[in-house]
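# Structural overview
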Amino acid sequence: MERTEIIIGGDTAGIEWRAPVFRFKGSDATAPSVYIQAALHANELPGVAVAHFLLEKLRAADAAGTIRGDITVIPQANPIGLAQSHFGEMEGRFDLGSRTNFNRDFPLVALAERDTLMADLDRRSAVDRLKRTLLHTALDHDLVLDLHCDDESLQYAYIDDAFWPEAADLASALDMQAVFLSDGESTAFEEAVGHAFKHQGDDKLKTVPGRLSVTVELRGRRDVYAGMTARDADGLWAFLAGRGVIADPALSVRAYTGPAVPLDNIEMVKAPAPGTILFHRDIGETVRAGDILATLITRPGEADGTITVAARHDGLIATRSSARYARRGDDLMKIAGHEATRRDRKPGTLED
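In short, a report on the structure. Remember, it's a predicted structure, so these values are computed and weren't measured experimentally.

Right, let's get into unusual backbone geometry. Each neighbour pair has its own omega, and for Trp164 with Pro165 the value is 10°, a cis peptide bond. Mapped onto the secondary structure, Pro165 falls in the loop between β9 (156-160) and α4 (168-173). The residue Ala39 is not glycine, and still its phi comes out positive at about 60°. Note that Ala39 resides in the loop between β3 (34-38) and α1 (46-64). Assessed through its relative accessible area of 0%, Ala39 is described here as buried.

Below, the structure written as C-alpha coordinates:
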(Lines give C-alpha, C1' and ligand atoms only; values in the text may rest on other atoms or scores of the structure.)
Protein backbone atom coordinates (compact mmCIF):
# COMPACT_ATOMS: atom_id res chain seq x y z
CA MET A 1 0.00 0.00 0.00
CA GLU A 2 1.09 3.55 -0.75
CA ARG A 3 -0.26 6.48 1.26
CA THR A 4 0.02 9.96 -0.25
CA GLU A 5 -1.86 13.22 0.19
CA ILE A 6 -3.69 15.67 -2.01
CA ILE A 7 -2.52 19.07 -0.79
CA ILE A 8 -4.67 22.07 -1.66
CA GLY A 9 -3.25 25.49 -0.88
CA GLY A 10 -5.75 28.07 0.33
CA ASP A 11 -6.96 31.16 -1.51
CA THR A 12 -5.58 33.25 1.34
CA ALA A 13 -2.13 33.10 2.92
CA GLY A 14 -1.28 30.51 5.57
CA ILE A 15 -3.99 27.94 4.76
CA GLU A 16 -3.83 24.51 3.16
CA TRP A 17 -5.92 21.36 3.24
CA ARG A 18 -4.80 17.72 3.01
CA ALA A 19 -6.73 14.65 1.88
CA PRO A 20 -5.07 11.24 2.42
CA VAL A 21 -5.02 8.91 -0.59
CA PHE A 22 -4.51 5.14 -0.22
CA ARG A 23 -3.31 3.17 -3.26
CA PHE A 24 -2.98 -0.58 -3.68
CA LYS A 25 -1.10 -2.05 -6.64
CA GLY A 26 -2.76 -5.05 -8.23
CA SER A 27 -0.98 -8.16 -9.44
CA ASP A 28 -2.90 -8.51 -12.72
CA ALA A 29 -2.69 -5.74 -15.32
CA THR A 30 -5.86 -7.05 -16.99
CA ALA A 31 -8.00 -6.79 -13.84
CA PRO A 32 -10.30 -3.76 -13.45
CA SER A 33 -9.01 -0.77 -11.51
CA VAL A 34 -11.20 0.89 -8.89
CA TYR A 35 -11.51 4.39 -7.43
CA ILE A 36 -13.58 4.94 -4.27
CA GLN A 37 -14.11 8.29 -2.57
CA ALA A 38 -16.27 9.36 0.35
CA ALA A 39 -17.57 12.60 1.86
CA LEU A 40 -17.36 14.86 -1.17
CA HIS A 41 -20.24 16.40 0.74
CA ALA A 42 -18.11 16.63 3.85
CA ASN A 43 -20.98 16.30 6.32
CA GLU A 44 -22.07 12.95 4.84
CA LEU A 45 -20.12 10.55 7.03
CA PRO A 46 -21.43 7.00 6.42
CA GLY A 47 -19.05 6.66 3.47
CA VAL A 48 -16.08 7.73 5.59
CA ALA A 49 -16.82 4.94 8.05
CA VAL A 50 -17.35 2.38 5.27
CA ALA A 51 -14.07 3.39 3.60
CA HIS A 52 -12.29 2.98 6.95
CA PHE A 53 -13.61 -0.58 7.38
CA LEU A 54 -12.88 -1.41 3.74
CA LEU A 55 -9.29 -0.19 4.04
CA GLU A 56 -8.75 -2.58 6.95
CA LYS A 57 -9.78 -5.45 4.69
CA LEU A 58 -7.67 -4.16 1.79
CA ARG A 59 -4.54 -3.91 3.94
CA ALA A 60 -5.00 -7.56 4.93
CA ALA A 61 -5.55 -8.52 1.30
CA ASP A 62 -2.46 -6.57 0.28
CA ALA A 63 -0.40 -8.50 2.81
CA ALA A 64 -1.87 -11.77 1.52
CA GLY A 65 -1.23 -10.86 -2.11
CA THR A 66 -4.87 -11.21 -3.19
CA ILE A 67 -5.39 -7.77 -4.75
CA ARG A 68 -5.57 -8.23 -8.52
CA GLY A 69 -6.57 -4.78 -9.79
CA ASP A 70 -5.27 -1.34 -8.82
CA ILE A 71 -7.37 0.30 -6.09
CA THR A 72 -7.42 3.94 -4.96
CA VAL A 73 -9.41 5.01 -1.89
CA ILE A 74 -9.87 8.59 -0.67
CA PRO A 75 -11.88 8.19 2.55
CA GLN A 76 -12.47 11.90 3.17
CA ALA A 77 -12.33 13.63 -0.19
CA ASN A 78 -13.27 17.16 0.87
CA PRO A 79 -11.04 18.64 3.58
CA ILE A 80 -12.20 22.13 2.59
CA GLY A 81 -15.81 21.36 3.46
CA LEU A 82 -14.72 19.44 6.55
CA ALA A 83 -13.18 22.65 7.91
CA GLN A 84 -16.26 24.80 7.31
CA SER A 85 -18.57 25.06 10.30
CA HIS A 86 -21.20 27.70 10.88
CA PHE A 87 -23.18 28.20 14.10
CA GLY A 88 -22.14 24.79 15.38
CA GLU A 89 -22.98 22.84 12.20
CA MET A 90 -20.58 21.52 9.60
CA GLU A 91 -21.45 23.09 6.24
CA GLY A 92 -20.24 20.25 4.09
CA ARG A 93 -22.55 20.53 1.09
CA PHE A 94 -21.94 24.09 -0.11
CA ASP A 95 -18.66 25.98 -0.14
CA LEU A 96 -19.04 29.02 2.13
CA GLY A 97 -16.82 31.14 -0.09
CA SER A 98 -18.34 30.53 -3.52
CA ARG A 99 -21.78 29.27 -2.35
CA THR A 100 -21.50 26.40 -4.85
CA ASN A 101 -22.32 22.77 -4.22
CA PHE A 102 -19.15 20.73 -3.71
CA ASN A 103 -20.72 18.08 -5.97
CA ARG A 104 -21.46 20.35 -8.92
CA ASP A 105 -19.45 22.23 -11.56
CA PHE A 106 -17.03 19.40 -12.34
CA PRO A 107 -15.54 19.90 -15.82
CA LEU A 108 -17.03 17.76 -18.57
CA VAL A 109 -14.16 16.41 -20.66
CA ALA A 110 -13.63 13.44 -22.95
CA LEU A 111 -11.51 10.65 -21.53
CA ALA A 112 -8.63 11.52 -23.88
CA GLU A 113 -8.69 15.07 -22.48
CA ARG A 114 -8.07 13.92 -18.90
CA ASP A 115 -4.71 15.67 -18.54
CA THR A 116 -6.20 19.03 -19.53
CA LEU A 117 -7.88 19.06 -16.12
CA MET A 118 -4.54 19.87 -14.51
CA ALA A 119 -3.56 22.70 -16.88
CA ASP A 120 -2.91 26.05 -15.15
CA LEU A 121 -4.04 24.50 -11.88
CA ASP A 122 -2.25 27.08 -9.72
CA ARG A 123 -4.38 29.85 -11.21
CA ARG A 124 -7.65 28.25 -10.10
CA SER A 125 -9.52 28.52 -6.80
CA ALA A 126 -8.91 25.98 -4.05
CA VAL A 127 -12.31 24.34 -4.57
CA ASP A 128 -11.76 24.09 -8.34
CA ARG A 129 -8.29 22.62 -7.79
CA LEU A 130 -9.75 20.00 -5.45
CA LYS A 131 -12.49 19.08 -7.93
CA ARG A 132 -10.10 18.82 -10.85
CA THR A 133 -7.61 16.74 -8.87
CA LEU A 134 -10.29 14.29 -7.74
CA LEU A 135 -11.72 13.96 -11.25
CA HIS A 136 -8.26 13.56 -12.81
CA THR A 137 -7.45 10.79 -10.32
CA ALA A 138 -10.76 9.00 -10.83
CA LEU A 139 -10.50 8.97 -14.63
CA ASP A 140 -7.41 6.78 -14.40
CA HIS A 141 -9.65 3.90 -13.25
CA ASP A 142 -12.32 1.64 -14.73
CA LEU A 143 -14.80 1.57 -11.84
CA VAL A 144 -15.60 4.75 -9.89
CA LEU A 145 -17.71 4.78 -6.72
CA ASP A 146 -18.67 8.07 -5.06
CA LEU A 147 -20.01 7.36 -1.56
CA HIS A 148 -22.71 9.75 -0.33
CA CYS A 149 -25.82 9.57 1.85
CA ASP A 150 -29.22 11.23 1.86
CA ASP A 151 -31.12 12.75 4.78
CA GLU A 152 -33.34 9.94 6.11
CA SER A 153 -33.06 7.28 3.46
CA LEU A 154 -33.08 3.75 2.20
CA GLN A 155 -29.90 2.39 0.65
CA TYR A 156 -29.98 3.33 -3.04
CA ALA A 157 -27.81 4.59 -5.91
CA TYR A 158 -27.81 6.91 -8.90
CA ILE A 159 -26.63 4.92 -11.92
CA ASP A 160 -26.44 6.17 -15.49
CA ASP A 161 -28.39 4.15 -18.06
CA ALA A 162 -25.07 3.53 -19.84
CA PHE A 163 -23.91 1.31 -16.94
CA TRP A 164 -27.18 -0.55 -16.35
CA PRO A 165 -27.94 -3.43 -15.96
CA GLU A 166 -24.26 -4.41 -15.67
CA ALA A 167 -24.11 -2.43 -12.40
CA ALA A 168 -26.86 -4.57 -10.86
CA ASP A 169 -24.07 -6.54 -9.16
CA LEU A 170 -23.21 -3.47 -7.05
CA ALA A 171 -26.87 -2.91 -6.16
CA SER A 172 -27.13 -6.52 -5.06
CA ALA A 173 -23.84 -6.60 -3.16
CA LEU A 174 -24.86 -3.54 -1.12
CA ASP A 175 -28.41 -4.84 -0.65
CA MET A 176 -29.86 -1.67 -2.17
CA GLN A 177 -33.58 -1.16 -1.93
CA ALA A 178 -33.79 1.00 -5.05
CA VAL A 179 -31.78 2.23 -8.02
CA PHE A 180 -32.42 5.60 -9.66
CA LEU A 181 -31.49 5.46 -13.35
CA SER A 182 -30.04 8.84 -14.28
CA ASP A 183 -29.54 10.54 -17.62
CA GLY A 184 -25.95 11.64 -16.98
CA GLU A 185 -26.55 15.27 -17.89
CA SER A 186 -25.34 17.26 -14.87
CA THR A 187 -21.91 18.42 -13.66
CA ALA A 188 -21.95 16.24 -10.52
CA PHE A 189 -18.79 14.19 -9.95
CA GLU A 190 -20.35 10.85 -10.87
CA GLU A 191 -21.85 12.27 -14.07
CA ALA A 192 -18.61 14.04 -15.04
CA VAL A 193 -16.83 10.68 -14.80
CA GLY A 194 -19.64 9.05 -16.78
CA HIS A 195 -19.41 11.80 -19.41
CA ALA A 196 -15.72 11.02 -19.94
CA PHE A 197 -16.39 7.27 -20.11
CA LYS A 198 -19.09 7.80 -22.72
CA HIS A 199 -16.91 10.13 -24.78
CA GLN A 200 -13.97 7.95 -25.75
CA GLY A 201 -14.21 8.59 -29.48
CA ASP A 202 -16.13 10.61 -32.02
CA ASP A 203 -19.59 9.46 -30.95
CA LYS A 204 -21.21 9.34 -27.53
CA LEU A 205 -21.39 5.72 -26.37
CA LYS A 206 -24.79 4.44 -25.24
CA THR A 207 -23.26 1.61 -23.21
CA VAL A 208 -19.81 1.30 -21.67
CA PRO A 209 -19.13 -2.36 -20.75
CA GLY A 210 -16.53 -2.85 -18.05
CA ARG A 211 -16.83 0.75 -16.84
CA LEU A 212 -18.87 2.20 -14.02
CA SER A 213 -19.50 5.58 -12.43
CA VAL A 214 -22.02 5.61 -9.60
CA THR A 215 -23.22 7.68 -6.67
CA VAL A 216 -23.96 5.34 -3.77
CA GLU A 217 -26.37 6.73 -1.17
CA LEU A 218 -25.51 4.94 2.08
CA ARG A 219 -28.88 5.52 3.78
CA GLY A 220 -29.21 8.66 5.93
CA ARG A 221 -26.75 11.08 7.52
CA ARG A 222 -27.20 9.56 10.98
CA ASP A 223 -26.81 5.96 9.83
CA VAL A 224 -23.26 5.55 11.08
CA TYR A 225 -23.17 2.39 13.17
CA ALA A 226 -20.38 -0.16 13.55
CA GLY A 227 -22.37 -3.22 12.52
CA MET A 228 -24.14 -1.51 9.63
CA THR A 229 -20.89 0.00 8.37
CA ALA A 230 -19.07 -3.33 8.55
CA ARG A 231 -21.84 -4.97 6.49
CA ASP A 232 -21.57 -2.24 3.85
CA ALA A 233 -17.80 -2.73 3.71
CA ASP A 234 -18.43 -6.46 3.24
CA GLY A 235 -20.82 -5.55 0.41
CA LEU A 236 -18.18 -3.47 -1.36
CA TRP A 237 -15.74 -6.33 -0.85
CA ALA A 238 -18.17 -8.76 -2.50
CA PHE A 239 -18.59 -6.36 -5.43
CA LEU A 240 -14.81 -6.08 -5.86
CA ALA A 241 -14.46 -9.86 -5.71
CA GLY A 242 -17.22 -10.33 -8.26
CA ARG A 243 -15.55 -7.93 -10.67
CA GLY A 244 -12.18 -9.68 -10.24
CA VAL A 245 -10.48 -6.76 -8.50
CA ILE A 246 -9.65 -8.95 -5.52
CA ALA A 247 -9.27 -12.72 -5.38
CA ASP A 248 -11.95 -14.24 -3.16
CA PRO A 249 -13.57 -17.15 -5.02
CA ALA A 250 -15.74 -18.05 -2.02
CA LEU A 251 -17.90 -14.99 -2.64
CA SER A 252 -20.78 -14.75 -5.07
CA VAL A 253 -23.30 -11.97 -5.69
CA ARG A 254 -26.98 -12.85 -5.99
CA ALA A 255 -29.29 -11.20 -8.50
CA TYR A 256 -30.64 -7.74 -7.73
CA THR A 257 -34.38 -7.84 -7.13
CA GLY A 258 -35.17 -4.24 -6.16
CA PRO A 259 -36.71 -1.54 -8.35
CA ALA A 260 -34.68 0.39 -10.93
CA VAL A 261 -36.59 3.51 -11.92
CA PRO A 262 -35.80 6.49 -14.17
CA LEU A 263 -35.46 9.88 -12.51
CA ASP A 264 -38.66 10.93 -14.27
CA ASN A 265 -40.46 8.41 -12.04
CA ILE A 266 -39.27 10.03 -8.80
CA GLU A 267 -41.94 12.14 -7.15
CA MET A 268 -40.33 15.00 -5.24
CA VAL A 269 -42.84 15.71 -2.48
CA LYS A 270 -42.52 19.36 -1.51
CA ALA A 271 -44.04 21.48 1.25
CA PRO A 272 -46.81 23.66 -0.26
CA ALA A 273 -46.59 26.06 2.70
CA PRO A 274 -44.31 26.67 5.69
CA GLY A 275 -45.06 24.81 8.89
CA THR A 276 -44.26 22.17 11.48
CA ILE A 277 -44.13 18.71 9.89
CA LEU A 278 -46.08 15.76 11.25
CA PHE A 279 -45.10 12.75 9.15
CA HIS A 280 -47.63 9.94 8.73
CA ARG A 281 -45.44 7.63 6.63
CA ASP A 282 -41.83 6.48 6.89
CA ILE A 283 -39.06 5.47 4.50
CA GLY A 284 -39.42 1.96 3.12
CA GLU A 285 -43.22 2.10 3.06
CA THR A 286 -45.20 1.63 -0.13
CA VAL A 287 -47.95 4.19 -0.69
CA ARG A 288 -50.83 4.65 -3.09
CA ALA A 289 -51.89 7.86 -4.81
CA GLY A 290 -53.99 9.86 -2.37
CA ASP A 291 -52.40 8.45 0.79
CA ILE A 292 -51.67 11.12 3.40
CA LEU A 293 -47.92 11.53 3.82
CA ALA A 294 -47.70 14.44 6.23
CA THR A 295 -49.62 17.16 8.02
CA LEU A 296 -48.22 20.68 8.14
CA ILE A 297 -49.16 22.88 11.07
CA THR A 298 -49.15 26.18 9.22
CA ARG A 299 -51.09 28.37 11.72
CA PRO A 300 -50.60 26.93 15.21
CA GLY A 301 -53.65 27.20 17.43
CA GLU A 302 -56.07 28.12 14.65
CA ALA A 303 -59.04 25.87 13.89
CA ASP A 304 -58.01 25.70 10.25
CA GLY A 305 -54.30 25.82 10.95
CA THR A 306 -53.21 22.60 9.23
CA ILE A 307 -52.94 21.29 5.71
CA THR A 308 -52.28 17.74 4.51
CA VAL A 309 -49.79 16.54 1.92
CA ALA A 310 -50.80 13.48 -0.10
CA ALA A 311 -48.99 11.21 -2.53
CA ARG A 312 -49.75 11.96 -6.15
CA HIS A 313 -48.56 8.56 -7.40
CA ASP A 314 -48.09 5.00 -6.18
CA GLY A 315 -44.56 4.15 -5.10
CA LEU A 316 -41.88 3.43 -2.53
CA ILE A 317 -40.83 6.13 -0.03
CA ALA A 318 -37.07 6.22 -0.59
CA THR A 319 -36.11 9.33 1.39
CA ARG A 320 -37.58 11.65 3.98
CA SER A 321 -36.48 14.96 5.45
CA SER A 322 -35.00 14.84 8.95
CA ALA A 323 -36.22 18.40 9.59
CA ARG A 324 -39.51 18.93 11.35
CA TYR A 325 -40.11 22.45 10.09
CA ALA A 326 -40.45 23.17 6.39
CA ARG A 327 -40.09 26.36 4.44
CA ARG A 328 -42.37 26.70 1.44
CA GLY A 329 -41.03 24.46 -1.34
CA ASP A 330 -38.73 22.36 0.86
CA ASP A 331 -38.34 18.70 -0.08
CA LEU A 332 -40.24 16.37 2.24
CA MET A 333 -39.83 12.98 0.52
CA LYS A 334 -38.74 11.18 -2.62
CA ILE A 335 -41.13 8.49 -3.83
CA ALA A 336 -39.93 6.00 -6.44
CA GLY A 337 -42.90 5.19 -8.65
CA HIS A 338 -43.86 2.95 -11.53
CA GLU A 339 -44.67 5.73 -13.98
CA ALA A 340 -43.40 9.16 -14.94
CA THR A 341 -44.44 11.78 -12.41
CA ARG A 342 -43.52 14.87 -14.44
CA ARG A 343 -42.52 15.89 -17.94
CA ASP A 344 -40.70 19.14 -17.17
CA ARG A 345 -37.72 17.85 -15.17
CA LYS A 346 -34.45 19.44 -16.16
CA PRO A 347 -31.73 16.96 -17.19
CA GLY A 348 -29.36 15.96 -14.41
CA THR A 349 -29.70 15.40 -10.70
CA LEU A 350 -32.84 15.86 -8.62
CA GLU A 351 -31.52 18.41 -6.11
CA ASP A 352 -29.12 21.36 -5.90
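Resuming the write-up.
On to helix α5 (residues 189-198), then. For α5, the buried fraction is high: ten of the ten residues fall into the buried class. For α5, every residue scored as buried is listed here: Phe189, Glu190, Glu191, Ala192, Val193, Gly194, His195, Ala196, Phe197 and Lys198. Considering only its buried residues, α5 is in contact with β3, α3 (126-138), β7 (143-150), β9, β10 (178-182) and β11 (212-220).

Take the side chain of Asp232 next. Of note, Asp232 is situated in helix α6 (residues 226-242). Residue classification places Asp232 among the buried residues on the basis of a relative accessible area of 5%. Not counting chain neighbours up to four residues away, the residues in contact with Asp232 comprise Val50, Gln155, Leu174, Leu218 and Arg219.

Moving on: the packing of aromatic side chains. One pass over the full model with this rule turns up seven aromatic pairs. Seen in terms of ring centroids, Tyr35 and Phe189 are 6.1 Å apart; in terms of plane orientation they differ by 35°. Their pairing is tilted. Separated by 154 residues along the polypeptide, Tyr35 in strand β3 and Phe189 in helix α5 bring together distant segments of the chain. The buried category is assigned to Tyr35, whose relative accessible area is 0%. With centroids separated by 5.4 Å and ring planes inclined at 75°, the aromatic side chains of Phe106 and Phe189 adopt a geometry described as edge-to-face. Here Phe106, found in the loop between β6 (89-90) and α3, pairs with Phe189, found in helix α5; they are 83 residues apart in sequence, far enough to count as distant. Per residue, the accessibility class of Phe106 equals that of Phe189, and both read buried. One aromatic cluster in this structure is built from Tyr35, Phe106 and Phe189. The positively charged end of Arg211 is found above the aromatic ring belonging to Phe197, 4.6 Å away from the centroid.

Cut-offs used in this document
Residues numbered from 1 in each chain as written. Predicted model: local features only at pLDDT ≥ 70, side-chain atom pairs only at ≥ 80, totals over all residues. Heavy atoms only, no water. Helix = DSSP H or I, 4+ residues; strand = E, 2+ residues; numbered from the N terminus. Buried < 20%, exposed > 50% of the residue type's maximum accessible area, 1.4 Å probe, protein only. Contact = heavy atoms within 4.5 Å. Phe/Tyr/Trp six-rings, centres within 6.5 Å; stacked < 30°, edge-to-face > 60°. Lys NZ or Arg CZ within 6 Å of the ring centre and 35° of its normal.

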